[in-house]
Amino acid sequence: MSRTALVIGIGAGDPSHLTLGAVDAMRAADALFVLEKAAASSLTAMRQALVDRHAPGARVVLVPDPPRDRSAERGASRPDGAYAANVADWHDARAAALAAAIVEHVPEGGSAGFLVWGDPSLYDSTLRVLSRVADELPITPRVIPGITSVQALTAAHAILLNRVGEPIHITTGRRLREDDGRNTVVMLDADCTFRETARPDDHVYWGAYLGTPDEILLDGAVGEVGELIARTRAEARAKHGWIMDVYLLRRP
């Protein structure tokens, strides 16, 4: 019998951002699986707090997250070559670890829950990893959408994501040089690439730890706040051991 993978979007960090569907799925799962990063134990604690609030008594299974060799990705600006191969190897290792844990903790015909920050369809690897799990183990995904960090960012700054008649582009720091800068949401940018690619008068709306007590918001012209954002980001990451941030670039 096939197991069900409940891929549950849990929002950017605010416990009140969980949907009723997410709460129902958390309560229905035979076990909730969390890939635990040694350097980000507070992320695990935040997930546990969400479970304690919305699905008390639910079983949480911690699975050590396989290490990722980021040195193999240095200098790779496009999603191909060494970068893509390294990510694929990491996803294979994650899939193997999760498959073993699912077999151990979820009976055939049961449900395995996965708590995903933001929404499972936006820059998250859970669905890709589960497709690899399905190669070895009969499992059917069911996605419960969640509030994205993009929504949390625009809500925190009280701004619209788009301007009238203009497109929205969501990309990563690696691909920012290819963008026209009109309404650009950038995720996964550890280097604050906008400092090199944006115009000094482009406006940047930046947020980190959105929806949590540690939330940080900064905005202004790139030429005025760019270095402040980079410095604040580095200090926050050093303090907490991890950071999740996102920003919107807008050309005047």
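Described in the following lines is the structure provided in the data block. (Residues numbered from 1 in each chain as written. Predicted model: local features only at pLDDT ≥ 70, side-chain atom pairs only at ≥ 80, totals over all residues. Heavy atoms only, no water.)

1. Some words on the overall build of the chain
What the chain contains, in helices and strands, is 7 helices and 10 strands. Radius of gyration (C-alpha) of the chain: 19 Å, near the 18 Å computed for a compact globule of 252 residues. Overall, the chain is about 55 × 40 × 40 Å in size when its C-alpha atoms are taken along their principal axes. Here the chain, with 252 residues, has 48% of them falling under the buried criterion. For the chain, contacts bridging at least 24 residues in sequence account for 73% of all contacts bridging at least 6. Looking at the chain as shown, the accessible area adds up to about 12300 Å², and 52% of this sits on carbon and sulfur atoms. Of note, the chain has its 27 positive side-chain charges centred 1 Å away from the centre of its 33 negative side-chain charges. (Helix = DSSP H or I, 4+ residues; strand = E, 2+ residues; numbered from the N terminus. Rg over C-alpha atoms; globule rule 2.2 N^0.38 Å. Buried < 20%, exposed > 50% of the residue type's maximum accessible area, 1.4 Å probe, protein only. Contact = heavy atoms within 4.5 Å. Areas by Shrake-Rupley, 256 points an atom, 1.4 Å probe, with all protein chains shown as cover. Lys, Arg positive; Asp, Glu negative; His and termini not counted. Charge placed at Lys NZ, Arg CZ, Asp CG, Glu CD.)

2. Focus on the sheet that holds strand E3 (residues 60-64)
Strand order in the open sheet formed by 5 strands is E3-E2-E4-E1-E5, and the pairing between neighbours is parallel. Only two strands of the sheet have a single neighbouring strand rather than two, namely E3 and strand E5 (139-144). Here the strands of the sheet are splayed against their neighbours by 30 degrees on average, with no regard to which way each runs. Judged from the 3 bridges that link them, strand E2 (residues 31-36) and strand E4 (residues 111-116) form a sheet pairing that is parallel. Paired with Phe33 across the strands is Phe114, a residue of E4. Along the sheet, helix H1 (residues 20-28) contacts strand E1 (3-9), E2, E4 and E5; its crossing angle with E1, the most-contacted strand, is approximately 140 degrees. Running over the sheet, helix H4 (residues 126-136) touches E1, E4 and E5 and is turned about 165 degrees from E5. (Pairing = 2+ DSSP bridges. Axes fitted to C-alpha atoms, helices over the stretch in contact; angles between N-to-C directions.)

3. Some remarks on the pattern of salt bridges
This model, assessed by the stated rule, comprises 8 salt bridges. Measuring nitrogen to oxygen at the nearest pair gives 2.7 Å for the salt bridge that ties Asp92 to Arg132. Residue Asp92 is located in helix H3 (residues 81-105), and its partner Arg132 is located in helix H4; the two are separated by 40 residues in the primary sequence. For the salt bridge of Asp202 with Arg251, the shortest nitrogen-to-oxygen distance reads 2.9 Å. (Salt bridge = Lys/Arg side-chain N within 4 Å of Asp/Glu carboxyl O.)

4. Topic: the environment of Thr44
Relative to the assigned elements, Thr44 resides in helix H2 (residues 41-54). Sequence-wise, Thr44 and Leu62 are 18 residues apart; in three dimensions their C-alpha atoms are separated by 8.5 Å. In contact with Thr44, not counting residues within four places along its chain, are Val34, Glu36 and Leu62.

5. As for helix H5 (residues 149-157)
For an α-helix, 3.6 residues make a turn, and residues three or four places apart therefore share a direction. Among all positions in H5, only Ser149, Val150, Ala152, Leu153, Thr154 and His157 are buried. Tucked into the core, H5 has its buried residues touching strand E7 (183-187), strand E8 (203-208), strand E9 (216-221) and strand E10 (245-250). Positive backbone phi, at 55 degrees, marks Ala158, one or two positions downstream of H5.

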